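Each chain, letter by letter, is given below.
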Amino acid sequence: MSQDVDGSQPVEKPLETVDSVVIRFCGDSGDGMQLAGTQFTNVSAVFGNDVSTFPDFPAEIRAPAGSLFGVSGFQLCFSSNDVYTPGDAVDTLVAMNPAALKTNVGDLVRGGTLIVNEDAFDRSNLQKARYEIDPLKDENALAGYRVHKVPMTRLTRDAVEGLGLSNSDADRCKNLFALGLVYWLYDRDATPTEDWLKSKFAKNPAILEANLRALKAGYTFGLATEQFTVHYKVPAAKLAPGRYRKITGNEALAMGLATAAKLSGREVFFGGYPITPASDILHDLSKFKEFGVRTFQAEDEIAAITSVIGAAFGGALAVTASSGPGIALKGEGIGLGVMTELPMVIINVQRGGPSTGLPTKTEQSDLFLSYFGRNGDCPMPLLAAQSPGDCFDMAQEALRIAVEFMTPVFLLTDGYLANGAEPWRIPKIDELKPIHVKYQTENNGNGDGYLPYLRDENLVRPWAVPGTPGLEHRLGGLEKADRTGNVSYDNDNHQRMTNVRRQKVANIAKTIPLQEVDGPESGDLLVVSWGGTYGAVRTATQAARRKGQSVAHCHLRYINPFPSNLGEILQRYKKVMVPELNTGQLWLILRAQFLVDAIGFNKVKGKPFLVQELTDKMDEILAS
């Protein structure tokens, strides 16, 4: 409500209904933008909207305040319909300082809502952002937007006055002021955030009260000020029945691994070393000790992978996780896992660039590293999750394949999936696929002693836990003799064992689902995607079909081996397009394996695809 001109009675502000909104909070890396975005996501998920998020933050722990490269952002799309991406263009941008405005305003739609903390636009911050003229005072600079200049710093300090906080402590609450304002703007109930604050700051009453006051002050400002003449409502989405929660990819991986422990009745051992953006998997798993999970933070990446090899030898469900640089360090140990044929899962949360590259930006450039990146002919199964929630299922699928086929398995995600969030329907117990762990308990040598490399019809060797009477055996990195596992330098044996290891991985295709296609079964264009590009590609191909174009979408979750019907699918379309956040890695594999004249579409900017980029490329291909 607002006051009439004479101040005599409140006037209800109009509440308009919209289907979908994209919001971005941006400011210094210490301004709490990730917290504000996460809380808005939680509240929207509780309300029942479909949500997709994209946190974007600098690699520096604390970049210089006010600098362009120190800007942290959090974008989310919340909708009354199904959404698969955090959106292309931004409808509402909250900018906490000049640097945030300069680096983000280009993504705001014309006519979009721009909320700025005008208190931050002083001479020092303008110089750091390389503004020669204050854009808030330049009538042309922001003419295309609905600009709301809000003195957030001053209003936040006023709200917390009397609590004995210093100005710097008071200023840390201004993200809650901004959040409260946007809660009002989009008719959100702040109760979940209030409850979260009460839990987090239960032992610090002054900080708790300050944050609650700031949150309420922002909400009240939107209610009372004449700057905002209307606010908006996004109705709940029609999601499938069930119980939902907000989940990120890393959270889903941890929950999936803990679930695997319960499904199999075996302990999950996780050995890892911290690295962005995979570290949260270790952090989250360490909370699940009561579910049969044991975690170990090693002194380096090599120690992490070798601890996992030891755990697998000892009969545990063994897992590690890292990103590109750490996966490179683990390479020799992963090869040892392939030679010894021990079940383990290696999770690669991909990030941008070679070496340390772009630690906090997303990319899909580790496909070759995971597919080929070991010495010798060293085949491994390769899976890729398609969304944050899908990480839960694929963590269990990777472990299932590992133990059923006695092999290390790569599971790929990326920074976008790891930190992004979506509503996730919590599955029922009877919906979960069992994981059967079978240990060898009897001598299989018919009088010749235990044969650790005697194989079944799928070429899988037995798994004997050390200490089992009569099944004593040794494992190592030197080539194994068929059946006995003894060290062998025989030429024919090496040929045979190399072929067996390769064929064993190929046999996995018998146990994975056939590839599905979204759209026409044949037609003008098939778009083949993998990993975190799923949402953008699915949205783009659906948009193409609404325009009357003959476009289908084939998204791969199993990359080695491919589903057995993939080759036949590729032949049913006149043209094939492969969009990737790399320079063409799946594109090259598909061309080599299926001799398909696929067209690559590649982006390596540390950001996911925009839907518009994909639809423009599809239009170009179809017109050629």
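Every value quoted in this text rests on a predicted model; they were computed, and no experiment measured them.

Reading the values: rules and limits
- Counting starts from 1 at the beginning of each chain's written sequence and moves along it residue by residue.
- Where local features are concerned, this predicted model is filtered to residues with pLDDT of at least 70; where side-chain atom pairs are given and counted, the filter is 80 or more; whole-chain, interface and lining totals use all residues.
- Note: side-chain values were computed over all heavy atoms of the structure, leaving out hydrogens and water.
- Secondary structure elements are defined from DSSP: runs of H or I of at least 4 residues count as helices, runs of E of at least 2 residues count as strands, and each element is numbered from the N terminus.
- Whether two residues are in contact is decided by their heavy atoms, any of which lying within 4.5 Å being enough.
- Here the Shrake-Rupley method, with its probe set to 1.4 Å, supplies the accessible areas, and only the displayed protein chains count as covering residues.
- Only four residue types enter the tally: Lys and Arg on the positive side, Asp and Glu on the negative side; His and the chain ends are excluded.
- Lys charges are placed at NZ, Arg charges at CZ, Asp charges at CG and Glu charges at CD.
- To qualify as a nonpolar core, a set must consist of buried Ala, Val, Leu, Ile, Met, Phe, Trp, Tyr and Cys residues joined through side-chain atoms within 4.5 Å.
- Accessible area is worked out with a 1.4 Å probe on protein chains only. A residue is then buried under 20% of its type maximum, exposed over 50%, and partly exposed in between.
- Whether two strands pair depends on DSSP finding at least two bridges between them.
- Lines are fitted to the C-alpha atoms to define the axes, a helix being fitted only along its stretch in contact, and any angle between axes, read from their N-to-C directions, falls within 0 to 180 degrees.
- Residue ranges labeled as domains rest on an automatic or database domain assignment.
- As a working definition, buried area equals the accessible area (1.4 Å probe) given up by two parts on being put together, with both sides summed.
- Expected span of a helix, by definition, is 1.5 Å for each gap between consecutive residues, and there is one gap fewer than residues.
- The rule is short: rings of Phe, Tyr and Trp, with Trp giving its six-membered ring, pair when the centres are within 6.5 Å, and they are stacked under 30 degrees, edge-to-face over 60, tilted in between.
- We call a charge positioned over a ring when the NZ of a Lys or the CZ of an Arg lies within 6 Å of the ring centre and within 35 degrees of the ring normal.
- In the analysis that follows, any N or O atom pair within 3.5 Å is treated as a polar contact, provided that within protein one partner can donate a hydrogen and the other can accept it, and provided that, for residues neighboring in sequence, both atoms belong to side chains.

This paragraph deals with the overall build of the protein chain. When helices and strands are counted, the protein chain shows 20 helices and 23 strands. For the C-alpha atoms alone, the extent of the protein chain along its principal axes is close to 100 × 60 × 45 Å. The long-range fraction of contacts in the protein chain, counting pairs at least 24 apart against all pairs at least 6 apart in sequence, stands at 76%. Summed over all atoms, the accessible surface of the protein chain reaches about 26,600 Å², with 51% contributed by carbon and sulfur. When the 63 positive and 72 negative side-chain charges of the protein chain are each reduced to one mean point, those points stand 2 Å apart.

Core analysis: the biggest nonpolar cluster contains 94 residues, and I347, V528, L586 and L590 have the highest contact counts within it. Broken down by element, the residue count for this core peaks at 10 residues, all from helix α14 (residues 390–405). Those residues in contact with L586 that sit more than four places away from it in its chain are L367, V528, W530, L556, I559, F562, V578 and E580. Among the nonpolar cores identified, the runner-up in size contains 42 residues, and I23, F25, M33 and L208 belong to it.

On to the sheet that holds strand β8 (residues 108–117). If you trace the six strands from one edge of the open sheet to the other, you get β5-β6-β4-β7-β8-β9, paired in mixed fashion. The open sheet has two edge strands, β5 (50–56) and β9 (146–150), and neither has a second partner. In this sheet, adjacent strand axes meet at a mean angle of 15° when their direction is disregarded. Relative to β8, strand β7 (residues 90–95) is paired through five bridges, and the arrangement is parallel. Following the sheet pairing, V94 is matched in β8 by I115. Lying on the sheet, helix α1 (residues 33–47) is in contact with β4 (20–28), β5 and β6 (71–79); it crosses β6 at an angle near 10°. Where helix α4 (residues 152–159) meets the sheet, it contacts β7, β8 and β9, and its direction lies at approximately 45° from that of β8.

Here seven strands make up an open sheet; going across it, the order is β13-β12-β14-β15-β17-β16-β21 and the pairing mixed. Strands at the two margins of the open sheet, each flanked by one partner only, are β13 (293–297) and β21 (558–560). Averaged over all pairs of adjacent strands, the angle between strand axes in this sheet comes to 20°, irrespective of strand direction. Against the sheet, helix α12 (residues 324–340) contacts β14 (317–322), β15 (344–350) and β17 (408–414), and its axis sits at roughly 160° relative to β15. Strands β14, β15, β16 (382–384), β17 and β21 of the sheet are contacted by α14, whose axis makes an angle of about 165° with β17.

Note: interface size is frequently given as the accessible area lost on complex formation between the parts. When the domains of the protein chain are assigned, the result is domain 1 (15–233), domain 2 (246–431) and domain 3 (523–623). The centre of domain 1, based on its C-alpha atoms, is set 34 Å off from the matching centre of domain 2. In this assembly, 18 residues from domain 1 lie in contact with 10 residues from domain 2. Where domain 1 abuts domain 2, roughly 1,000 Å² becomes buried across the two surfaces, and 60% of that area is made up of carbon and sulfur atoms.

This paragraph deals with helix α6 (residues 174–185). A rise of 1.5 Å per residue sets the reference length of α6, with its 12 residues, at 16 Å; its end C-alpha atoms lie 17 Å apart and thus fit the reference within 8%. The buried fraction of α6 is high, at 12 of 12 residues. Looking only at α6, the buried set comprises K174, N175, L176, F177, A178, L179, G180, L181, V182, Y183, W184 and L185. Downstream of α6 by one or two residues, D187 has phi in the positive range, about 55°.

Here the focus is the packing of aromatic side chains. Summed over all chains, the structure comprises 17 aromatic pairs. Pairing F601 with F609 gives two aromatic rings, centres 5.5 Å apart and planes at 20°, and the pair type is stacked. Residues F601 and F609 agree in their burial class; the two are buried. What links up through ring pairs into an aromatic cluster is the set F25, F40, F78, Y183, Y186 and Y232. Against the face of F201 rests K200, its NZ or CZ located 5.7 Å from the ring centre. Cation over ring: R461 sits above Y453, and NZ or CZ is 5.1 Å from the ring centre.

We now examine the side chain of T320. Tracing the backbone through its elements, the reader meets T320 in strand β14. For T320, a relative accessible area of 0% gives the class buried. For T320, the side chain forms a polar contact with the side chain of K330, separated by 3.1 Å.

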